[in-house]
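Understanding the architecture of this molecule
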Amino acid sequence: MPRRSYLRDTSEHADPRVSPMELFFDLVFVFAVTQLSHYLLEHHAVLGALQTLVMFLAVWWAWIYTAWAVNWIDPDLPPVRLVLAIIMLLSLVLSSAIPGIFGRYGLYFALAYVAIQVGRTAYTAWAKGEWQAGASRNMTRATIYFILSAPLWIAGGLDDDPIRRLIWWAAVLAVEYSGPLLFFAIPALGRSTPQEWNISGSHMAERCALFIIISLGEGILVTGATFAELEPSGSARLAFLSAFVASVAMRWIYFDIGARRGSDHIEHDERPGLIGRDAYTYAHIPIVAGIIVLAVANEQVLAHPTGHSATSLIISLLGGGLLFISGTMTFKRLTGATGRWPRSHLAGLLFALFGLWAFAAHPPPLQLHMAATGLFLVIAIWEWGWIERWARFRGPK
């Protein structure tokens, strides 16, 4: 009797769209993003920022590997749904541990993370079956990477010193993040090949776009919740409006050109797996990180729109803006037809760097935030106008 296939239908008439089960799965990561932004807001010193970075990289790595896995295995099948439900439960444990991750909940975070990465990746390798031996070997190599890194995660969770725990986990993340770049090179098993990373490009693009929506949505929720608790005032209303417009502009920058063109590029590229690695697995990291950091800045300016800008607000606003602009710029270069850096984003980075004057001047928070919002609007309108002119120049095909 032939073995039952757990893989997605990849025929010409198959539907590559994200399934309801995948959307349900992402709900847990709405909570994770909220936990990360709240942690950074409460721990905005250098150590807190580094701790938040390590947690974010772990959360992203758990999510993106699941996105890759479900690109291959069919989430509409009951066994796969069960596996995703278990991963959701473990992800909820992981997210719940974030406030105390460098305290007494570090081991819970480590154990949940290891269980997610090893269990899901091993299941995917098994589900791909012998009849796709090359792809199965690829996931087997990835599983070995996670198994080898597991003791370092647990050692960090058992170490009571927050600094040493941070070092343990930063080191192990460096090993894990090198895996795809090295094609999961393992002695005796060799290296993976781009052919073994054959994926549905449109599905990968949609999954990452949904994570951007999650991050932007979390920022809007935080903005609304914070504004609801404030005493009504003109400055508070302007701060609320500025935060909302910034979110709309960021959505415009990513989706109006980048997401649409990126989806088309990865869907028609001969090696979609490499595009999935470079443009989506890695290039989306600063985009999501920037959105999270800017959500922290929104909450800070809503709480204190007047007076002098605190150093933490200046760093959050400038750092978040630089991360988001550089991330979307890199993503668009990797997926663009010309392979060039978007001029609007390069100009945006240049003007953002001029914002360093804020460290000396410490302008009012609302003024600084509105300037950042204006910058996002300029980038969005500039790029949209350039694309429209280019389309008219080329004319109908």
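Summarised in this report is the structure supplied together with it. None of the values given here were measured: they were computed from a predicted structure.

Structural notes on the nonpolar core
One broad trend across soluble globular proteins is that nonpolar side chains are buried collectively. In terms of nonpolar packing, the biggest core is built from 110 residues, with Trp60, Ile64 and Trp153 touching the most fellow members. Apart from the residues lying within four places of it in its own chain, the contact partners of Trp153 are Ala58, Phe109, Ala110, Tyr113, Val114, Trp169, Val172, Leu173 and Glu176.

Focus: the environment of Ser309
Its location among the elements puts Ser309 in the loop between helix 10 (284-303) and helix 11 (311-335). Residues Ser309 and Leu366 lie 57 residues apart in sequence; the distance between their C-alpha atoms is 8.6 Å. For Ser309, the side chain forms a polar contact with the main-chain oxygen of Pro363, separated by 2.5 Å.

A word on the environment of Ser316
You can see Ser316 is positioned in helix 11. Spatially, the C-alpha atom of Ser316 lies 22 Å from that of Ser95, the residues being 221 residues apart in sequence. Dropping the residues within four chain positions of it, Ser316 is found in contact with Val293, Leu294, Val296, Ala297 and Gln300. A distance of 3.5 Å separates the side chain of Ser316 from the side chain of Gln300, its partner in a polar contact.

Describing the environment of Leu152
Summarising the element assignment, Leu152 is placed in helix 5 (residues 133-158). Aside from chain neighbours lying at most four places away, what touches Leu152 is Trp168, Trp169 and Val172.

Notes on the pattern of salt bridges
On inspection of all chains with the given rule, the structure shows 6 salt bridges. Arg207 is the partner of Glu22 in a salt bridge, and the nearest nitrogen-oxygen pair spans 3.2 Å. Of this pair, Glu22 sits in helix 1 (residues 20-42) while Arg207 sits in helix 7 (residues 201-228), and the two are 185 residues apart along the sequence. The class of Arg207 is buried, set by a relative accessible area of 2%. Residues joined in a network through salt bridges with shared partners are Glu22, Asp26 and Arg207.

Some words on the packing of helix 9 (residues 272-282) against helix 10
Relative orientation of the contacting elements helix 9 and helix 10 amounts to 15 degrees, with a least axis distance of 5 Å. Of the possible angle classes, the one that applies to helix 9 and helix 10 is roughly parallel. Between helix 9 and helix 10, the contacting residues are Ala279, Tyr280, Thr281 and Tyr282 on the first element and His284, Ile285 and Pro286 on the second. Class assignment for the residues of the contact of helix 9 with helix 10 results in 5 nonpolar, 2 polar and no charged.

Here is what the cut-offs are and how they apply
Residues numbered from 1 in each chain as written. Predicted model: local features only at pLDDT ≥ 70, side-chain atom pairs only at ≥ 80, totals over all residues. Heavy atoms only, no water. Core = buried A, V, L, I, M, F, W, Y, C linked by side-chain atoms within 4.5 Å. Buried < 20%, exposed > 50% of the residue type's maximum accessible area, 1.4 Å probe, protein only. Contact = heavy atoms within 4.5 Å. Helix = DSSP H or I, 4+ residues; strand = E, 2+ residues; numbered from the N terminus. Polar contact = N/O pair within 3.5 Å; in protein donor to acceptor, adjacent residues only side chain to side chain. Salt bridge = Lys/Arg side-chain N within 4 Å of Asp/Glu carboxyl O. Axes fitted to C-alpha atoms, helices over the stretch in contact; angles between N-to-C directions. Parallel < 35°, antiparallel > 145°, perpendicular 65-115°, else oblique. Nonpolar A, V, L, I, M, F, W, Y, C, P; charged D, E, K, R; others polar.

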